[in-house]
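# Structure assessment
Listed here are the chains, written in short residue letters.
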Number of protein chains: 2
Amino acid sequence: MGVVVPLEQGRTDPEASLDDLVRLVAGGMERVNTTILSRTGSDVAMIPEVANHLIASGGKRLRPILTLACADLTGYAGGDGAVKLAAAVEFMHTATLLHDDVVDESDMRRGRVAARIKWGNEASVLVGDFLLGQAFRMMVEVGSLRALDILSAAATVIAEGEVMQLTAAKNTETSEDEYLAVIRGKTAELFAAACEVGPVLAGRPEAEQAACRAYGMNLGIAFQLIDDVLDYGGTSAALGKNVGDDFREGKITLPIVLALRRATDEERVFWRRTLEREELEEGDLEQALTILRRHRTLEDTMDRARHYGDAARAALDIFADGPVKAALLQAVDFCIARAH
Amino acid sequence: MGVVVPLEQGRTDPEASLDDLVRLVAGGMERVNTTILSRTGSDVAMIPEVANHLIASGGKRLRPILTLACADLTGYAGGDGAVKLAAAVEFMHTATLLHDDVVDESDMRRGRVAARIKWGNEASVLVGDFLLGQAFRMMVEVGSLRALDILSAAATVIAEGEVMQLTAAKNTETSEDEYLAVIRGKTAELFAAACEVGPVLAGRPEAEQAACRAYGMNLGIAFQLIDDVLDYGGTSAALGKNVGDDFREGKITLPIVLALRRATDEERVFWRRTLEREELEEGDLEQALTILRRHRTLEDTMDRARHYGDAARAALDIFADGPVKAALLQAVDFCIARAH
């Protein structure tokens, strides 16, 4: 175990990893994984098949890890509650991914062929619904009405964010504020809820609930902005999807919003053709990358991500130093360092 | 107000109507409708647009009516709880319809163009998710963990039933038992849950909860079987969808299951071509109707529906006679009489 040296605000450690955090919650995550497996079970064979196609394909399980860590951070005694809520959070996330694939007409997800290609749109929709139902059943078992309130509100806000994105997609007039509203909903809200339920279970005062929520919200925004950058610069192998997916789907992400604000007339014509009308030609992705580099919008998106990363770190100020807090701080660096 | 004369078991009153039931819960339903309107509100304009396209297009709102009536039947004092749970039940139903349209690739719903045709599959999936989230928020506000348990379990069972139907669809080997398992899940479970939460809110003993659940479950099965019959014989105007939709979608419903069991070799070849391979030719629907009539499978499906109708009525035996019970008994007759 390495000594974690806190960095100054605004700087991120490019060597940061999730290792400390993963190690600290390893016992809980083993139970979360067992719960996930048992709760995807059904007499209807297609359900575990489709669910496990996506769940078994990995992903870091960052959201349930955050639930366990925030419960630990705030002194949760370690009953079943946090494990069940963590599994519920992961099910909500998986349901969203299954439904997103239908919405985006994706062919690939986490480096594997998307469930909707293998089993059809209908299976993706319905197995997503099943997982959402199971998520709520687990929350009900935990029996905290406050946690139920937080997570059911999150389900609504996530759907709102996704619908907002539908409306914003292909609209080259989308502003930075509008785009931030979209990602607060579709990505950051679940991070926020995942973190907030930790101190709720631990029975801690509202200030600590709000602090964990703020940590999750800001981390989620940073996480999504880095994803947006990676979509134009990450390597296909690491991401499990190809560079340029957002571009090909006509998704207006922050690097594009910024590039549009700085666009020449000629560039604006290019973005309208490729994103609004989705008339793609050979070499368009290269051209898009050239424009993004010219205006340094990937770097500027990274800067925004660092800003939200700082806010996430600052939110934890009210907690005493300790290994869990240090690991949560390092997780912020890790999320941002992915883009290097 | 007419005098309700109880009929012998096994007979249904062809003049039966929902009027008494509708009148008895009219005050509550007004509040349910206001709640539905306010809870489809969102700053994201597309959400109320899509939700209200379907919600405003009518439908009898049978499920929330049942929730209110079963609460009344068991002496619920009439607070906000039943109204919110009734609205939540209707939202769950609406979400299911929106997702079903994507699954079935429907063009029409309740006599109007399906939301997915007007706004795309993505809007149907996401607005369905939004309504499901809002349903859970309302349940959480009511604060009954038992009601939350019943309705979240129902969400899971509904999705399971729908996936089962995917697997059974186009499979001419589907047995009557397998088909019943499908409709218990996809239709009857929500009827059962809608009824069961009434006595739960009223704080009544388990026997009354089980009785209301049994009433809803059996009514739901009868309701779906009659729907299956109507799909081959109802009038387009009354149903809001065209006769033969199930046939054209290759859906194996009970009239078909029974016809397959009685099929000649030649008929079996016909069903395999039209339902399994969906190779439809001019005149196939007429041919299908001729075969169904030859084997009297629409009548036999009606008989099954009457059987479940009897079971629904019998479930209410434990309750003292009164206007709500009489109206609930008449609702069974109404559901069955639709097919005449």
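Cut-off values and rules
Residues numbered from 1 in each chain as written. Chains lettered and ligands numbered in written order. Predicted model: local features only at pLDDT ≥ 70, side-chain atom pairs only at ≥ 80, totals over all residues. Heavy atoms only, no water. Helix = DSSP H or I, 4+ residues; strand = E, 2+ residues; numbered from the N terminus. Buried < 20%, exposed > 50% of the residue type's maximum accessible area, 1.4 Å probe, protein only. Contact = heavy atoms within 4.5 Å. Areas by Shrake-Rupley, 256 points an atom, 1.4 Å probe, with all protein chains shown as cover. Buried area = accessible area lost by both parts, 1.4 Å probe. Salt bridge = Lys/Arg side-chain N within 4 Å of Asp/Glu carboxyl O. Polar contact = N/O pair within 3.5 Å; in protein donor to acceptor, adjacent residues only side chain to side chain. Least-squares fit on C-alpha atoms with pLDDT ≥ 70 in both.

Right, let's talk about the overall build of chain A for a bit. Scanning chain A from N- to C-terminus turns up 17 helices and two strands. Dimensions along the principal axes, computed over C-alpha positions, put chain A at roughly 60 × 50 × 35 Å. Per-residue burial for chain A yields a buried fraction of 61% across its 340 residues. Put simply, 76% of the contacts in chain A that link residues at least 6 apart link residues at least 24 apart. Summing over all exposed atoms, chain A offers an accessible surface of approximately 13100 Å²; the carbon and sulfur share of this is 49%.

For an interface, size is often stated in terms of accessible area lost upon the parts coming together. Across the contact, 37 residues belong to chain B and 37 residues belong to chain A. Roughly 3300 Å² is buried in total at the junction of chain B and chain A, and carbon and sulfur atoms are behind 79% of that figure. At the boundary of chain B with chain A, the tally comes to zero salt bridges. Listed by contribution, the elements that provide at least two residues to the side of chain B that touches chain A are helix H3 (46–55), helix H5 (80–104), helix H7 (121–142) and helix H8 (145–168) of chain B.

We note that A:Arg296 has phi near 55°; this positive angle belongs to a residue other than glycine. For A:Arg296, the location among the structural elements is in the loop between helix H15 (284–294) and helix H16 (297–315).

Moving on to the environment of B:Arg112. Residue and element names in this part refer to chain B. Tracing the backbone through its elements, the reader meets arginine 112 in strand S2 (residues 112–113). The class for arginine 112 is partly exposed, based on a relative accessible area of 34%. Among residues more than four places away in sequence, those in contact with arginine 112 are His53, Ala56, Ser57 and Asp107.

Here we come to the environment of B:Ser42. Summarising the element assignment, B:Ser42 is placed in the loop between helix H2 (26–39) and H3. Once the C-alpha coordinates of B:Ser42 and B:Phe130 are considered, the two residues, 88 residues apart in sequence, prove to be 9.9 Å apart. Apart from the residues within four sequence positions on either side, B:Ser42 is in contact with A:Glu160, B:Ile47, B:Pro48 and B:Phe130. Of the polar contacts made by the side chain of B:Ser42, one reaches the side chain of A:Glu160; its length is 2.5 Å. Only 3.0 Å separates the side chain of B:Ser42 from the backbone nitrogen of B:Val44, close enough to count as a polar contact.

The next point concerns the relation of the copies chain B and chain A. With an axial shift of 0.0 Å and an RMSD of 0.0 Å, the rotation relating chain B to chain A amounts to 180°. Each copy turns onto its partner about a two-fold axis. Considering only C-alpha atoms, the part of chain B nearest the rotation axis is B:Val125, at 3.6 Å.

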